[in-house]
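Summary of the model geometry
Listed below are the residues making up each chain.
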Amino acid sequence: MLNIEIDNGSGFCFGVTTAIQKAEEELARGNRLYCLGDIVHNGMECERLRQMGLVTINHDQLARLHGVKVLLRAHGEPPATYELARQNHIEIIDATCPVVLQLQKRIKRQYEASITAQRPTSNVQIVIFGKRGHAEVLGLVGQTDGTAIVIEHFDEVGQLDFSRDIYLYSQTTKSLDEFHRIIEYIQEHMAPGATFRSFDTICRSVANRMPNISQFATRHDLILFVCGRKSSNGRVLYNECLRVNANTHLIEGPGEIDRQWLADIKTVGICGATSTPKWLMEQCRDALLSL
């Protein structure tokens, strides 16, 4: 008989759980609610909330709305979004993750300090290790009036100017190991007289999943990693599963399970990202049992 285990450590993180709860509470009151961007990088969960009445909009659509309620998801938003909401008399339901919110404040303080300091702002580089275009990163860059430098991978760190001051931050869901490699490289290349400071702003509830999910993946013949393909941390966690277990498959839902994967398989592990709902992993388990 096929042995199936769902990873207890997988599923929504605190920030996503809070955002979804706020949306559900507002919708339960019968109020019309808009969400700026997908509330979570999981298509099936977004569809569930859409059926409850949640309307997903983009920034262009936000600019045309007046006098409505708009939920800001866990990723956070730049200051310009709040100003637009104020001008259009939009009520903001702010579900920005507390970890992200604290990071935004730290970057904003550093940027404002660089403006008021005696040294010219052109001498300061605020650097964010993160995915370009990601909602969280856009919110972080927005704290610096768009002046922050974004590097996605270790390979890009050599593009920095090591004769100028560097203040390094990280998107909350990036790889801790890669962040440390970037720190070491910068430390080795800084010019005399230039200042370098790094701030470990990676969310531990996400970072700690890496060793746990690695151990989980080694225990099974087959791993089904359930995740929306837009998920940034999902890609990191999936790659970790794949590294320790070559028989790992990324799926968005039970409909993508291939019966051929089950040949000569005795144990299956089901896990997912911080944006993967438990109910979706349970559906994948049920689909396996039906096969």
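Everything discussed here concerns the structure shown above.
Now for a quick tour of the structure. (Residues numbered from 1 in each chain as written. Predicted model: local features only at pLDDT ≥ 70, side-chain atom pairs only at ≥ 80, totals over all residues. Heavy atoms only, no water.)

1. Re the overall build of the protein
The cut-off we apply is this: Only DSSP runs of H or I covering at least 4 residues are called helices, and only runs of E covering at least 2 are called strands; the numbering of each starts at the N terminus. Three exposure classes are used, based on accessible area relative to the maximum for each residue type with a 1.4 Å probe and protein chains only: buried under 20%, partly exposed in between, and exposed over 50%. Every residue pair with non-hydrogen atoms within 4.5 Å of one another is taken to be in contact. Accessible areas in this description were obtained via Shrake-Rupley with a 1.4 Å probe; residue shielding takes into account the shown protein chains only.
The number of helices and strands found in the protein is 11 helices and 12 strands. If one aligns the C-alpha atoms of the protein with their principal axes, the spans along those axes are about 70 × 50 × 25 Å. Out of the 291 residues in the protein, the part that is buried amounts to 52%. Summarising the internal contacts of the protein: among those between residues at least 6 apart in sequence, 71% fall at separations of at least 24. In the form shown here, the protein has an accessible surface area of approximately 13,900 Å², with 49% of it arising from carbon and sulfur atoms.

2. Overview of the sheet that holds strand β7 (residues 149-151)
Put simply, the rule reads: Two strands are counted as paired when DSSP detects at least two bridges linking them. Simply put, an axis is a line fit to the C-alpha atoms, just over the touching stretch for a helix, and the angle between two N-to-C directions goes from 0 to 180 degrees.
Spatially, the 4 strands line up as an open sheet ordered β7-β6-β8-β9, and their pairing is parallel. Edge positions in the sheet fall to β7 and β9 (196-198), since each has one partner strand and no second. On average, adjacent strands in this sheet sit at an angle of 20° to one another, irrespective of strand direction. Taken together, the 3 bridges between strand β6 (residues 124-129) and β7 define a ladder with parallel strand orientation. Among the inter-strand pairings, V127 is bridged to a residue of β7, identified as I149. Each of β6 and β8 (165-170) is contacted by helix α5 (residues 98-116), which is oriented at about 165° to β8, the strand it contacts most. Relative to the sheet, helix α7 (residues 176-189) contacts β6, β7, β8 and β9, its axis offset from that of β8 by approximately 175°.

3. Some thoughts on the packing of aromatic side chains
Quick note on the threshold: In this scheme Phe, Tyr and Trp rings, the latter by its six-membered ring, pair at centre separations within 6.5 Å, and the angle between planes marks the pair as stacked below 30 degrees, edge-to-face above 60, and tilted otherwise.
Within the structure shown, the criterion is met by 5 aromatic pairs. Between F129 and F179 the ring centres are 6.1 Å apart and the planes differ by 15°, which places this aromatic pair in the stacked class. Here F129, found in strand β6, pairs with F179, found in helix α7; they are 50 residues apart in sequence, far enough to count as distant. Judged by its relative accessible area of 0%, F129 is buried. What makes F179 buried here is its relative accessible area of 1%. Ring centres of F154 and Y185 lie 5.8 Å apart, and the angle between their planes is 90°; on these two criteria the pair is classed as edge-to-face. Residue F154 is found in the loop between β7 and β8, and its partner Y185 is found in helix α7; the two are separated by 31 residues along the sequence.

4. Here we look at the sheet that holds strand β2 (residues 33-36)
The parallel open sheet is built from 4 strands, whose spatial order is β3-β2-β4-β5. Of all the strands in the sheet, the pair left with one neighbour each is β3 (54-57) and β5 (91-94). Shown here is a sheet whose adjacent strand axes are inclined to one another by a mean of 35°, direction ignored.

5. Observations regarding the pattern of salt bridges
For side chains of opposite charge, pairing can occur when their charged atoms come near one another. Selection criterion: By definition here, a salt bridge exists when the distance from a side-chain nitrogen of Lys or Arg to a carboxyl oxygen of Asp or Glu is within 4 Å.
Counting across every chain of the model gives 16 salt bridges. The closest approach of N and O atoms between D200 and R204, which form a salt bridge, is 2.4 Å. Look at R204 and you get partly exposed, because its relative accessible area is 35%. In the salt-bridge network here, residues are joined through shared partners; they are E24, E45 and R48.

6. A closer look at empty space enclosed by the protein
Formally: Using protein atoms alone on a 1 Å grid, points that fit a 1.4 Å probe yet trap it form a cavity, whereas open point sets bounded by protein on both sides within 12 Å along at least five of seven lines form a pocket; residues with an atom within 4 Å of a point count as lining. Grid points are joined across faces, edges and corners, and a volume is the space filled by probe spheres set on the points. Under the scheme applied, nonpolar residues are Ala, Val, Leu, Ile, Met, Phe, Trp, Tyr, Cys and Pro; charged residues are Asp, Glu, Lys and Arg; polar residues are all the others, including Gly.
A complete count under the given rule lists 1 cavity of 30 Å³ or more for this structure. In this structure, the largest cavity occupies an estimated 270 Å³ of space. Mapped by element, the contributors of at least two residues to the lining of the largest cavity are α1 (14-28), α8 (204-207) and α10 (232-244). Split by residue class, the lining of the largest cavity holds 9 nonpolar, 12 polar and 1 charged.

7. Quick notes on helix α11 (residues 278-290)
The test is simple: Expected span, for any helix, means 1.5 Å times one less than how many residues it has. The arc refers to the directions leading from the helix axis to the C-beta atoms.
In a regular helix each residue adds 1.5 Å, so 13 residues correspond to 18 Å; α11 covers 19 Å between its end C-alpha atoms and thus fits that length. Regarding α11, the residues found buried are L280, M281, C284, A287 and L288. Projection of α11 onto a plane perpendicular to its axis shows the buried side chains occupying an angular sector of 115°, all on one side. Facing away from the buried side of α11, by more than 90 degrees, are the exposed residues L289 and S290.

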